[in-house]
Amino acid sequence: MTEINGKIVSAALKDKIAQEVKENGYTPGLAVIIVGDDPASRVYVNNKKKACAYCGFYSEEYALAADTTQQELIALVEKLNQDDRIDGILCQLPLPAHLDEKAVIEAISPAKDVDAFCEADVGKVMIGNYTFSPCTPAGVMELLQYYNIDVSGKNAVVIGRSNIVGKPMAMLLLHADATVTLCHSKTKNLKEICRSADILVSAVGKIDAVTADMVKDGAVVIDVGINRNAQGKLQGDVDFESVKQKASYITPVPGGVGPMTIAVLMQNTLTAYKANKKIK
Ligand code: NAD
């Protein structure tokens, strides 16, 4: 069994980005908006700012009060849409309940939608012709590629059908010629379907959503889930200790998929910068 190391792979990707930025004197700019004081969102935003500094990007943080109105938030997004120093705009989700997430995402200029959450970007991922990669699923594909894990013709099972993880994950695996099954909370015979997987990706958000009896011997197991256990520690969806006895490759949590999501976000911001500045 090989434990996939997302820290090493993400560092390699960020180093490549940092080198390109330095050699060419690029100044990609990312604006991160956070509304309210959700502790998990604060950690994610801090990590994104750190990654910007690492890659030599310009970054701005807008920490808004939890009672910020929809109008105020949209006005900020529109101001950033016009700001030449800013190539990517990211609004950390989830937003407080009184705000309309969909409207905020759609207010971000498609040229600066580095999270690839807007409807146009999601549609492009389905077609397979996209500028911005869906960060988490593309991060998973980077991991598979780095470890020379062949996807073509393999049975891939994805658990979870969200617009930001499960669905685009299924699409990227399909574009890489896997035969893909997309499972969700209403799926019948989940265990049997998972046992058919050569590559099993869990994006559920529940501890022990994937146990050893759901995993075929030699399967590649990718854990996207981020949960807090009873001790307050980060834990994935996969019962790591028992599943690693059967898997050929497995991602840990933390240190697996998480760092890749941020590295792809940096890559998207560099892509946005080059497109905005018309650099080939
Ligand atoms: P979500 O809540 O939008 O979707 C969860 C999906 O799991 C749903 O489609 C649902 O149908 C399915 N599901 C729920 N219970 C199930 C069950 N018992 N059996 C089968 N399917 C079930 O969540 P999301 O935004 O897609 O995120 C999923 C997980 O991934 C969360 O833990 C989230 O924190 C994590 N996440 C991690 C990263 C990262 O960078 N590593 C990025 C985004 C999300």
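(A) Main features of the pattern of salt bridges. Applying the stated criterion to the full structure yields 10 salt bridges. With its nearest N and O atoms 3.5 Å apart, the salt bridge here joins E60 to R85. Separated by 25 residues along the polypeptide, E60 in strand β3 (residues 58-64) and R85 in the loop between α3 (70-82) and β4 (88-91) bring together distant segments of the chain. Residue classification places E60 among the buried residues on the basis of a relative accessible area of 11%. The residue K277 makes a salt bridge to D87 at a minimum N-O spacing of 3.3 Å. In this pair, K277 sits in the segment after α10 (258-276) while D87 sits in the loop between α3 and β4, placing the two residues 190 residues apart along the sequence.

(B) Broad picture of the site of the ligand. In the neighbourhood of the ligand, 21 residues make up the surrounding shell, with R161, S162, K206, I226 and T261 lying closest. Note that an oxygen atom of the ligand is positioned 3.1 Å from one of the backbone N or O atoms of S185. At 3.0 Å from an oxygen atom of the ligand is found a main-chain nitrogen or oxygen belonging to I226. Summarising the interface, the protein chains cover 71% of the accessible area of the ligand, which totals 860 Å² for the free molecule. Class assignment of the residues belonging to the shell around the ligand gives a composition of 9 nonpolar, 10 polar and 2 charged.

(C) Inspection of the sheet that holds strand β11 (residues 249-250) at higher detail. Across the sheet, 6 strands lie side by side as β1-β11-β8-β7-β5-β6; this open sheet has parallel pairing. Both outer strands of the open sheet, β1 (2-3) and β6 (179-183), are each paired with one neighbouring strand and no more. Here strand β5 (residues 155-159) runs beside strand β7 (residues 199-202); their pairing, made up of 4 bridges, is parallel. Residue pairing in the sheet places A156 in a bridge with I199 of β7. Packed on one face of the sheet, helix α7 (residues 166-175) meets β5, β6 and β7 and runs near 170° to β6.

(D) Representation of helix α1 (residues 6-24). Helix length check: α1, at 19 residues, gives a terminal C-alpha distance of 27 Å against a target of 27 Å (1.5 Å per residue), a fit within 8%. The set of residues buried in α1 consists of G6, V9, S10, L13, K14, I17, A18 and V21. Capping the start of α1 is the job of one residue whose side-chain oxygen sits 2.9 Å from the backbone nitrogen of K7: N5. The first or second residue beyond α1 is G25, which carries a positive phi of 65°.

The rules behind the values
- Throughout, residues of each chain are indexed from 1 in the direction in which the sequence is written.
- Local features are withheld for residues below a pLDDT of 70 in this predicted model, meaning they are given only at 70 or higher, and side-chain atom pairs are given and counted only at 80 or more; totals for whole chains, interfaces and linings count all residues.
- Hydrogens are left out, water is left out, and the side-chain values use all remaining heavy atoms of the structure.
- Any carboxyl oxygen of Asp or Glu that lies within 4 Å of a side-chain nitrogen of Lys or Arg is treated as forming a salt bridge with it.
- The helix count covers DSSP runs of H or I at least four residues long, the strand count covers runs of E at least two residues long, and both are numbered beginning at the N terminus.
- Relative accessibility decides the category of a residue: with a 1.4 Å probe and only protein chains considered, values under 20% of the type maximum give buried, values over 50% give exposed, and everything between is partly exposed.
- The rule for a residue being near a molecule or strand is that one of its heavy atoms must lie within 4 Å of it.
- A 3.5 Å cut-off defines polar contacts: any pair of N or O atoms within that distance qualifies, except that in protein one atom must be a possible hydrogen donor and the other a possible acceptor, and neighbouring residues in sequence count only when both atoms are side-chain atoms.
- Surface accessibility follows the Shrake-Rupley procedure with a 1.4 Å probe radius. Residue values consider only the protein chains on display as shielding.
- Just so you know the grouping, Ala, Val, Leu, Ile, Met, Phe, Trp, Tyr, Cys and Pro go in nonpolar, Asp, Glu, Lys and Arg go in charged, and all remaining residues, Gly too, go in polar.
- Should DSSP find at least two bridges between two strands, the strands are regarded as paired.
- The contact criterion used is simple: two residues touch if any of their non-hydrogen atoms lie within 4.5 Å.
- Fitting a line to C-alpha atoms yields each axis, with helices limited to the stretch in contact; the angle taken between N-to-C directions then spans 0 to 180 degrees.
- Each residue after the first adds 1.5 Å to the expected span of a helix.

Purely geometric stuff here, so don't read any function into it on its own.
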